[in-house]
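Here's the letter readout for the chains.
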Amino acid sequence: MRLRAQTLSRAGATRVLRPHHVPRTNKYRGKRSTLKNIKERIFYILFSFCHFSTAVSFLPLQLLALFIRIEMLLFGTWALLALIPCSGATEELFEVSVWPDQALVEFGQSLVVNCSTTCPDPGPSGIETFLKKTQVGKGPQWKEFLLEDITENSILQCFFSCAGIQKDKSLGISVYQLPEQVILELQPAWVAVEEAFTVKCHVPSVAPLENLTLTLLQGNQELCKKNFVSLAMAAQRAEVAISVRAQRADDRCNFSCHAQLDLSSQGGGLFHSSSAIKVLRIFEFSQSPQIWVSPLLEVGMAESVSCEVARVFPAKEVMFSMFLGDQELNPFLSWEGDTAWANATVRAMETGDQELSCLVSLGPMEQKTREPVHVYSFPPPILEIQESYPLVGTEVNVTCSGHVLTSPSPTLRLQGAPELPAPGEPAWILLTAREEDDGRNFSCEAILEVQGQQLIKTTAVQLHVFYEPRLEESDCPGNQTWVEGTERLLTCIPKGNPTPSMVCTWNGMIFDLEVPQRATQNHTGTYCCVATNQLGSVSKDIAVVVQGLDEDLSSTIFVIIIVALGVGVVTIALYLNYGPCKTDRRKLPYRQKENNKEEESQLDVQQAEKCSPHNC
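Residues numbered from 1 in each chain as written. Predicted model: local features only at pLDDT ≥ 70, side-chain atom pairs only at ≥ 80, totals over all residues. Heavy atoms only, no water.

1. Topic: the overall build of the protein
Of the regular secondary structure elements, the protein holds four helices and 44 strands. When the accessible surface of the protein is summed, it comes to about 37,000 Å², and 54% of that surface belongs to carbon and sulfur atoms. (Helix = DSSP H or I, 4+ residues; strand = E, 2+ residues; numbered from the N terminus. Areas by Shrake-Rupley, 256 points an atom, 1.4 Å probe, with all protein chains shown as cover.)

Shown next, in the form of structure tokens:
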């Protein structure tokens, strides 16, 4: 007898299954039963004839001989049938076996099955199955078959016949399918605080379902575990779901699903598979955004606008989109705590009523708010001087008018104008230019009322008056004294417009007015200075005297003596005034006592006079 065996394994686990024995109908069972019944009936007839012959011994001899011949014929027939073995004895003579004795096959894979028998000379044999089979080997007492594309559980029958008797052996084949695809769903992916969300996990293809366990995890924490023992006969789809109420602490939590297929009870291994990690997002967005913008915008002018939303989570992920009409702005986003805001600069290009909108989005939620604005045009007033650089003594006309783009016409107020002009009319001043008007500022205000608000624009200009240069004594003294050895500059600043240039000469040489000179006796003398501009020139002689150090020391000593004498005189005067006062203060108590004594003596005299005899 030859036996062949093959073991299929995957991931280190042998896939075998405990067989399920299912009785098979034997197509030869009816023939064996018929033969046995014939033997029993002949034996029964023969036994009856024996009893009958004993009972009819009194019959005639010819009739008795006939019965004896019939009995001998039945006995011969029974003896011939007795040579054919009975079914019970034949069944004990050979066995049928199948390998493997249990089979666990992965979905769609193949299996090699070996059928063998102990019968020395077996008859017809083979396997009965609905699976695709191919005989791959055989021997006197065995056959080997390849089963292909096994996709469902089945029971295989291996049979052999021996001496006209057939025996069979059953093999249960179990199919398994690993949970290679584990799908996790978060519904929805963004959830508002205190709202419920569903965590759902399913495995599209897995078998056997009764050996599967699904576990839902939040991070490393187990949320739910489910097995499918009671669902073994259901469709091959495993699914588990749980509903959870969202909290802020759940934001950015990882959710996953773990599948475990345990085939150890069937001789297999333990297989694990997990889903991709899903991240849950939690948000809170209960308040509408607010826009901060001036109701009045000036065309062409940059204005700051902002949009803010409070009680929002997570604030740092809030997105802002801001528009002025169809013009999209570029906001700068900021956040702090549960508040987020966006600042932007808007520059309106068209006048009239427009709308500033702010769209705030967080996750799947959006809120939009709008604010009306009015865009106006109000350029500053135009302030003009007829002659920008007039000469001294000429007439100057200063005019202020409103800009042509300003509508309606503004009210103008020119500084120094005798009266206010009518709306739409310019304001003006006519004056005669003087030297003191050089650098004088003129300003003009334009007043415009827009949407009930009073707006003011101001323009200023400066008047420049041209006049010839002058060398005044205050700025260019004619007599200057220097101290020998000191660093000195010749002091002479000219006046005039345009600013005049200055040249000073000494002994026929140009004297540098910008570099300090160390004073010596040689600098003593007269300097000639000339100031010149486009309108003319003026000259002046400056006498410089350089004093020596001795003269300067004598002057210093004289000053010190004078100061010392002054201090002495003041001290003596104070002493003279303070001394008598102090002496009087010291004599005052004594004088008061003397006066008191005189008053008491006078009082005594008066009382004595009253009591004298002459008055009685």
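Picking up where we left off.
2. Considerations on the side chain of threonine 215
By secondary structure assignment, the location of threonine 215 is in strand E14 (residues 212–218). Threonine 215 gets classed as buried once you look at its relative accessible area, which sits at 9%. If sequence neighbours within four positions are ignored, threonine 215 has contacts with Glu222, Cys224, Lys225, Ser256, Cys257 and His258. (Buried < 20%, exposed > 50% of the residue type's maximum accessible area, 1.4 Å probe, protein only. Contact = heavy atoms within 4.5 Å.)

3. Overview of unusual backbone geometry
Cis geometry marks the peptide bond from tryptophan 99 to proline 100, where omega comes out at 0°. Structurally, the position occupied by proline 100 is in the loop between strand E3 (96–99) and strand E4 (103–106). Phi at aspartate 149 is positive, roughly 50°, even though this residue is not glycine. The class for aspartate 149 is exposed, based on a relative accessible area of 51%. Even without being glycine, glutamate 194 reaches a positive phi, approximately 75°. Positionally, glutamate 194 belongs in the loop between strand E12 (190–192) and strand E13 (196–203).

4. A short note on the sheet that holds strand E30 (residues 382–385)
Within the open sheet, the three strands sit side by side as E30-E31-E33. Their pairing is antiparallel. A strand with exactly one partner marks an edge of an open sheet, and here the two such strands are E30 and strand E33 (427–432). Adjacent strand axes in the sheet meet at a mean angle of 10° when their direction is disregarded. (Pairing = 2+ DSSP bridges. Axes fitted to C-alpha atoms, helices over the stretch in contact; angles between N-to-C directions.)

5. Describing the sheet that holds strand E43 (residues 525–533)
Hydrogen bonds between backbone groups are what pair the strands of a sheet, and the pairing can be parallel or antiparallel. Taken together, five strands build an open sheet; the order of strands is E37-E44-E43-E40-E41 and the sheet is mixed. Edge positions in the sheet fall to strand E37 (479–483) and strand E41 (509–511), since each of these pairs with one other strand and no more. Here the strands of the sheet are splayed against their neighbours by 35° on average, with no regard to which way each runs. Strand direction decides the pairing type here: E37 and strand E44 (residues 536–547), joined by five bridges, are parallel. Residue pairing for E44: valine 483 is matched across the bridge by glutamine 547.

6. Focus on the environment of glutamate 194
Look at glutamate 194 and you get partly exposed, because its relative accessible area is 40%. Distance in space between the C-alpha atoms of glutamate 194 and arginine 245 is 5.7 Å, their sequence separation being 51 residues. Contacts of glutamate 194, omitting those with residues within four sequence positions, involve Arg245, Ala246 and Gln247. Here glutamine 247 takes part through its side chain, which lies 3.4 Å from a polar atom of the side chain of glutamate 194. (Polar contact = N/O pair within 3.5 Å; in protein donor to acceptor, adjacent residues only side chain to side chain.)

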